Structure formats: structure tokens, C-alpha cells
Amino acid sequence: MERFIPDEGRIQSTIDNYKRVRNDVFEAAVKAGRDPKDVRLMCVTKTVEAEYINPVLDLGADLIGENRVQEYMGKKDALHLDGVEKHIIGHLQTNKVKYIVGDVDMIESVDSVKLAKEISKESVKRDVTTNVLVEVNVGKEDSKSGIYIEQLEELLAQISVLEGIRVKGLMTIPPICEDITQVRKYFEQMHRAFVDMGAKGMPNIDMDILSMGMSGDYEAAVLEGSNIVRVGSAIFGARKYF
């Protein structure tokens with residue numbers, strides 16, 4: 001098998017991009033009147049080789065997100081993960097849960113009771129508590145996973161009684177919009193739901209994390225209350241699909 005040789009130019013551009021995005025997030029937090037330390041930058045590493053991820057981790061990036069269980073498992077041993085939090089952010093099939101529970105710090109894409117029950121079962125088996133976010137399909141798009149805001153309270157109530165799983169907040173991917181003001185309306189809607197659900201005081205449900213905003217709209221998301229932005233291509237460049 002041919003040895004992979006990383007592109008030094010891409011490594012440098014990745015480092016430069018990371019510093020720029022980190023600064024943009026900081027400035028957006030300040031503009032929103034928030035403490036920049038309260039907003040975390042997730043480096044989304046889907047289709048990115050470890051050789052391009054590690055320089056960013058070495059600079060202090062402390063949160064990565066992977067979409068696919070298989071890809072994460074295949075490259076985690078090559079990553080500099082000391083002190084780094086790992087999240088699964090893509091749609092998770094129930095048959096993949098057993099491979100990931102106990103191996104990542106959070107599953108951000110819980111969108112059904114069935115999936116929550118599987119995470120609960122595997123967590124109890126391993127004697128761990130798995131932190132999760134509930135994924136909301138804020139734009140009600142057929143092409144996206146996630147539940148509708150109207151279903152949120154019922155789903156949270158059903159998850160709240162499960163062992164080995166703890167809801168830490170919400171995650172969303174808004175529709176693609178031509179105008180950033182349209183995107184901000186979706187983010188505002190999510191923030192309102194986040195606050196409303198937190199006020200209900202359901203057991204085993206903490207509304208601590210609102211994960212929204214990606215490469216094209218992360219600054220708007222911070223302005224609307226996001227405290228995790230998930231940025232991939234703006235750091236690592238356009239994705240490669242194999």
C-alpha cells in the first residue's frame with residue numbers, strides 16, 4: 001500500500017483557517033455580548049486525514065466531531081486526542097451504537113426514542129452514562145433527520161426516564177437559505193425552544209448545549225445563542241468523497 005504523504009501547503013492553510021475561524025467565533029461572541037469562553041469551536045473532521053487534523057489539535061483545538069462511526073473508529077488511533085472531546089454528529093443507526101458508546105463523549109444526533117433506548121441499553125451494559133443532544137429538524141425538511149420542535153417535549157419526556165443516558169441540549173442543521181437573516185430566524189426559533197425546554201425542569205434533562213452553526217453560518221449562530229459551532233470545510237477545505 002502506497003504511503004500517504006500529506007500536502008505541506010494544505011497543512012499550513014488548515015492552520016491559518018483554524019486561527020481565522022477561532023478568531024471569528026471569538027469576535028461574534030463579543031458582538032453578542034457573551035463571554036467568548038462560553039462558545040466552543042468544534043472541528044468537523046469528516047473525510048479529513050489525521051495528518052491534517054493533528055496540527056489543529058496541537059494548536060489547542062479541544063473538540064472534534066465525526067459523522068460516521070466507522071470513519072471515527074478507523075482513524076482515532078492516529079489522532080492526538082489527549083484532552084480532546086469527541087462527538088458523533090451524523091445520523092446514527094441503532095446497529096452502530098454498540099461500537100461507539102463509551103468511546104465518545106457525546107452523541108449529538110438522537111432523533112428517536114428507539115435510538116435513545118439503544119444508547120441506554122448499551123450504556124447500562126458498560127456502566128457508563130452517555131451524554132446526548134436531541135437533533136431538531138427546525139426547517140421540517142424531508143431530506144434531514146431530526147424531530148420537529150412540536151415533538152420535542154414529548155421525546156424529552158420519554159428519554160428522561162431511561163437509564164444510562166443524559167440529554168445535555170439540542171442540535172440542529174437549518175435549511176440552506178439565500179439570506180443570512182432567514183437562517184437567523186431558524187436559529188432564533190431553536191434558541192427559544194432551548195430556553196423553553198430548560199424552563200420545564202424535566203428530570204435527567206439539562207439544557208446546557210445548543211449546537212448549531214456550520215462553515216457558512218457559524219457567526220450568525222453565535223449571535224443567536226449557539227454555544228457549539230460545528231466547522232469543517234472552513235477549516236480543512238472542501239471535503240473529499242471517496
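Here goes a summary of the coordinates provided. Note on numbering: residues in each chain are counted from 1, in written sequence order. Confidence filtering applies because this is a predicted model: local features only for residues at pLDDT of at least 70, side-chain atom pairs given and counted only at 80 or more, and all residues used for totals across whole chains, interfaces and linings. The side-chain quantities take in all heavy atoms of the structure and omit both hydrogens and water.

### Some points on the pattern of salt bridges
For step 1, the next point in the chain: Whenever Lys or Arg places a side-chain nitrogen within 4 Å of a carboxyl oxygen from Asp or Glu, that contact is recorded as a salt bridge. Scanning the model with the defined rule gives 19 salt bridges in all.
For step 2, the next point in the chain: A salt bridge links Glu150 to Lys140; the nearest nitrogen and oxygen atoms lie 3.0 Å apart. A residue pair is termed long-range when its members are at least 10 positions apart, and Glu150 in the loop between strand E5 (130-136) and helix H6 (152-159) and Lys140 in the loop between E5 and H6 qualify at 10 residues.
For step 3, the next point in the chain: Residue Lys144 is joined to Glu141 by a salt bridge in which the shortest nitrogen-to-oxygen separation is 2.6 Å.
For step 4, the next point in the chain: With a relative accessible area of 24%, Lys144 lands in the partly exposed category.
For step 5, the next point in the chain: Beyond isolated ion pairs, a larger network of salt bridges with shared partners links Arg166, Lys168, Asp206 and Asp208. Secondary structure elements follow DSSP: runs of H or I of four or more residues count as helices, runs of E of two or more count as strands, with numbering from the N terminus. Partly exposed residues are those whose accessible area sits between 20% and 50% of the maximum for their type, while under 20% is buried and over 50% is exposed, using a 1.4 Å probe and protein chains only.

### Considering the layout of surface pockets
For step 1, the next point in the chain: Only protein atoms enter the 1 Å grid, on which a cavity is a set of points fitting a 1.4 Å probe that cannot get out and a pocket is an open set with protein on both sides within 12 Å along at least 5 of 7 lines, lining residues being those with an atom within 4 Å of a point. Grid points are joined across faces, edges and corners, and a volume is the space filled by probe spheres set on the points. Here the largest pocket defines a volume of roughly 580 Å³.
For step 2, the next point in the chain: Along the wall of the largest pocket there are 25 residues; nearest its centre are Lys46, Asn67, Ile89, Gly90 and His91.
For step 3, the next point in the chain: Among the secondary structure elements, those contributing two or more residues to the lining of the largest pocket are helix H3 (69-75) and strand E8 (228-231).
For step 4, the next point in the chain: All residues other than Ala, Val, Leu, Ile, Met, Phe, Trp, Tyr, Cys, Pro, Asp, Glu, Lys and Arg, Gly among them, are scored as polar; the first ten of these are nonpolar and the last four charged. Here the residues of the lining of the largest pocket sort into 8 nonpolar, 10 polar and 7 charged.
For step 5, the next point in the chain: Computed from the structure, the second largest pocket encloses a volume of approximately 250 Å³.
For step 6, the next point in the chain: In terms of lining, the second largest pocket is formed by Tyr18, Arg22, Val25, Phe26, Pro36, Lys37, Val39, Arg40, Leu41, Gly60, Ala61 and Asp62.
For step 7, the next point in the chain: Elements represented by at least two residues in the lining of the second largest pocket include exactly helix H1 (8-31) and strand E1 (40-44).
For step 8, the next point in the chain: Per-element tally for the lining of the second largest pocket: the top contributor is H1, with 4 residues.
For step 9, the next point in the chain: Partitioning the lining of the second largest pocket into residue classes produces 7 nonpolar, 1 polar and 4 charged.

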